[in-house]
Amino acid sequence: MSFSRCFKLLTTLLAVLIGLSFAASGKKIASGKFRYSVGEVFLHRNGETLAVKTTEQPNLKKAKNVREGDDIETLIESEVIVALPDGSSFNVQENTIVSITKLSFEDGENHFATEVKKGNLSFDVQKQAGKSTFKFKTGTATAAIRGTSGTIGQSPNKKKVFALKEGILDINFNGQNYTITEGQTAIGNDKEMRIININGSGDPSFMNDLLKVIDEVEDLDSLIKIIEDKDQLYTSVIDSLKNSIKCTYHIPDTTLENKIPIEATCPAGVKVGILDDRVMSDGTPIHLTFEVSSGSFGMKKIPITCQSDSVSFQCAQLSAYYTAREIKATDTDEHTTLKITTPSPFYVCNSSSVTVEGSFDPSVPDAKLFVKIGNYQSEDLVPRSANGQFSHTVTITDNNGLWNEDKITVEYTSDKHKETATLALNVDKTCKAVNLLVPQVRFNGYDSLTCKAQVSILNQQNDFVFYTTSVDNAPKNSIYINDGESSLGIDLTPGIHTYEFTVEDQAANKHKITKELGCYPNINGASIILDKGPEERLRVPPPPRGFQNTFHRTMSFRIDKLPQSSPIYIQQVKIQQEGKPQIILRGTDLQTNRIDQDIELMRSKTKTHIDITVILKNGTTLQATKTYEVR
C-alpha cells in the first residue's frame, strides 16, 4: 500500500499531538519549535520570508522557531508540526496559511491563538489550568478549546469545519454559541451551522477529503450524506489497520521527571514511535521518551504512531501525570473527610463542562477515587491528584445522555473504608451548549389523491420541541411534542403549494425541509362544457373553383367545477377527430381551464364527430363529443 493522500495525513494528526522540551518553569516562553516538516514550508515575519523547509528557494534564511505575529504557509503536498512549551502542538496541513496572533507561556498560564486564513490545521492541546486560553479562528467563527484534539479548516468558499477527535470545543459562529464533543463535527456556511457524529471526526486526512468536496455541494443535507458515506469507508480502512498490528506498552502512571519513559513491544517489521522519531521493531521492547517543558505539571497525553508498508496510523493513546511531589501511602487508618469544593448546585448552561474539584486524604493505602454520573465513571483519579487535590471535568449534554442527571457523585474507597460526596446539578436544557442534538424532521411521503403527507420527528428524546407546518410561507398549524420520536399526518391544501416542515427544540436548534406537493381530491360535478353546445350547425358556401374543400373553425370548451377554475388539476386533454391524428394537450401546458382548439372540417362531409377526453390528476376521466353539421 502506497503512502497515498488517503492515508498520508493520518500520520500528521498523530504526530501533531507531541510537544518537546522548552525552557525551565517560571520563565516566560514566547516561541514554539518546528519539530517536523515536509515539502515547501515558509514563515513570514515582519515582511520577510524565511524557510522552514524548501528545495525550491534554497537561498532563504532558515526559520528556527515561531513567534507571536508570524504567518506560517504550506504549499501543495507540504506540512509542518509546531510544538508548544506545555506539550501541546498543532500541524499546519498542505496548502494552508495560518497567523499566530498570540503565543505566551509563563508560570502555568498559557495563552495561544491562531487564525486559519486558508486551508486547515490539526491540533492537540494538553489540559489547561487557571486562566489559560487556546483559541482558533476561521473568518467569523472562533473556537475555544481546553484539553482537546481535532482539526479546524476553512474552504476556498469560506465554509467552516470544526472536527473533534476528543475533548470539548466551544464555537462562536455568526454570534451564536455551539459546543461539540468527542466524535462530533460542525459544518457551517454563511447561514447556519450543523453538527454531526462521525467516526472520522478530527482526523486530518478526513478533513482534507472533506474540504475538497464541501464547496461542490451547497445544500447541507446533501453534504452531510456525502460525509457519512465517506466516513463509512474511513472506518473500515482504519479498523483493518488497527486489527493487523497489536502492540503492548508500559508507562508510569505518575512521574517526577519531565522526560516520560515508554516501553513498546510491537510485531517485527512495524515502525513505532512518537512524532517523526520512529524505530523499526524486531519484536523486542523499544524504549521511547516523551519530553515536555520542565515544570509544566499535569496530565500529559502521549499518542503512539505505528507505520506498516508506508501507511501510518495512531495505534495507542497513552497518558502520564507529571507532578512535583511524590505521592506516598501509609498504614494509618486516619483520613481527611472527602470534600467537594465546587459550588453546589452547579448551573450547567453556557458551557456543558462541569469541573468537579475537591480534596481527599492521599495517605490511605490502596485507595481509589472515582467521579460518577449516570452510567459514566472516570478512571482512578488518585495517581493524578497531587497533594490530595483532585479535579475532573465531565461533559453534560443530550448527546451523551447525562443531561437528565441531577447530581455528580465522587466515591473514595479502599479495603477498609468508603466515602462519597455529591455535587447537585441544575442542567438547563434551553442552553445550546447542553442541548446539542438538533431535532430532525423527515419527510416520509404523501398521497396526492387523499391529500395526506407523513413526516417523522427525530432526535428529540427527553427534549421538548415545537413543530410547524407552513404553506406558501404562511403558518398553517403548530404542535408541541414532548419526548420520543413522533409520526405526524399532515392535511394538504388542494392544488400545488410549497410546504415547509419545521421543528425547533428548547435551545432554538432548528431543522426544516421544503417540499412542493400537489393535492388533487375528488371533484364533485366536474364536466366538460362545450361552447354552443354538443351540436353545431354550420352554413358554409362552396369554395371558389380550384380551392380546397376544407375550412377551419375554433372549437372552444372549458372544464367546469375545478377549484378556483385552476388547470393544475388537469393531467391531460385528448382530442380525437375521425381520420385525423389525435391531439394531446398536457395539463402543465395549460394556462386556464378553457381550451380553444383549431379544427379542420370538410364541406363535403355532412357531420363530423370530435371526441374530447379530459383526465384529471385524481384519476377522474371526463368525456364529451362535439358534432359539426355542415350545410
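Residues numbered from 1 in each chain as written. Predicted model: local features only at pLDDT ≥ 70, side-chain atom pairs only at ≥ 80, totals over all residues. Heavy atoms only, no water.

1. Brief notes about the overall build of the protein chain
The number of helices and strands found in the protein chain is three helices and 48 strands. Total accessible area computed for the protein chain in this model is approximately 29700 Å², and 47% of it derives from carbon and sulfur atoms. (Helix = DSSP H or I, 4+ residues; strand = E, 2+ residues; numbered from the N terminus. Areas by Shrake-Rupley, 256 points an atom, 1.4 Å probe, with all protein chains shown as cover.)

2. Looking at the sheet that holds strand β41 (residues 527-530)
Spatially, the three strands line up as an open sheet ordered β41-β43-β46, and their pairing is antiparallel. Edge positions in the sheet fall to β41 and β46 (594-602), since each has one partner strand and no second. Between one strand axis and the next, the sheet turns through 35 degrees on average, direction left out of account. Judged from the nine bridges that link them, strand β43 (residues 550-560) and β46 form a sheet pairing that is antiparallel. (Pairing = 2+ DSSP bridges. Axes fitted to C-alpha atoms, helices over the stretch in contact; angles between N-to-C directions.)

3. A short note on the nonpolar core
Of all hydrophobic cores here, the largest spans 40 residues; its most connected members are Ile227, Tyr249, Ile262, Ile302, Ile304 and Cys306. Ranked by residues supplied to this core, first place goes to helix α3 (residues 220-244) with seven residues. Setting aside its immediate chain neighbours within four residues, Ile227 contacts Ile187, Ile196, Ile198, Phe206 and Leu210. Ranked by size, the runner-up nonpolar core spans 39 residues in total, among them Leu43, Leu121, Phe136 and Ile180. (Core = buried A, V, L, I, M, F, W, Y, C linked by side-chain atoms within 4.5 Å. Buried < 20%, exposed > 50% of the residue type's maximum accessible area, 1.4 Å probe, protein only. Contact = heavy atoms within 4.5 Å.)

4. Some points on helix α2 (residues 204-213)
Among the ten residues that make up α2, eight are buried, leaving the element largely enclosed by the rest of the structure. When α2 is considered as a whole, its buried residues turn out to be Pro204, Ser205, Phe206, Met207, Asn208, Leu210, Leu211 and Val213.

5. Quick notes on the pairing of strand β37 (residues 474-482)
Walk down a regular strand and you will see the side chains alternate between the two sheet faces. As paired elements, strand β36 (residues 464-471) and β37 share eight bridges and run antiparallel to each other. Within β37, the residue paired with Tyr467 across the bridge is Ile479.

6. Observations regarding the environment of Asn199
For Asn199, the position within the fold is in the loop between β17 (193-197) and α2. C-alpha separation for the pair Asn199 and Lys165, spaced 34 residues apart in sequence, amounts to 8.5 Å. Once you skip the residues sitting within four places of it in the chain, Asn199 turns out to touch Asp231, Tyr234 and Thr235.

7. Thoughts on a nonpolar patch on the surface
Taken together, the side chains of Phe464, Phe466 and Tyr480 define a hydrophobic patch exposed on the protein surface, amounting to about 310 Å² of accessible area. By secondary structure assignment, the location of Tyr480 is in strand β37. (Patch = residues over 30% accessible without salt bridge, like charges linked within 9 Å, V, L, I, M, F, W, Y side chains within 5 Å. Salt bridge = Lys/Arg side-chain N within 4 Å of Asp/Glu carboxyl O.)

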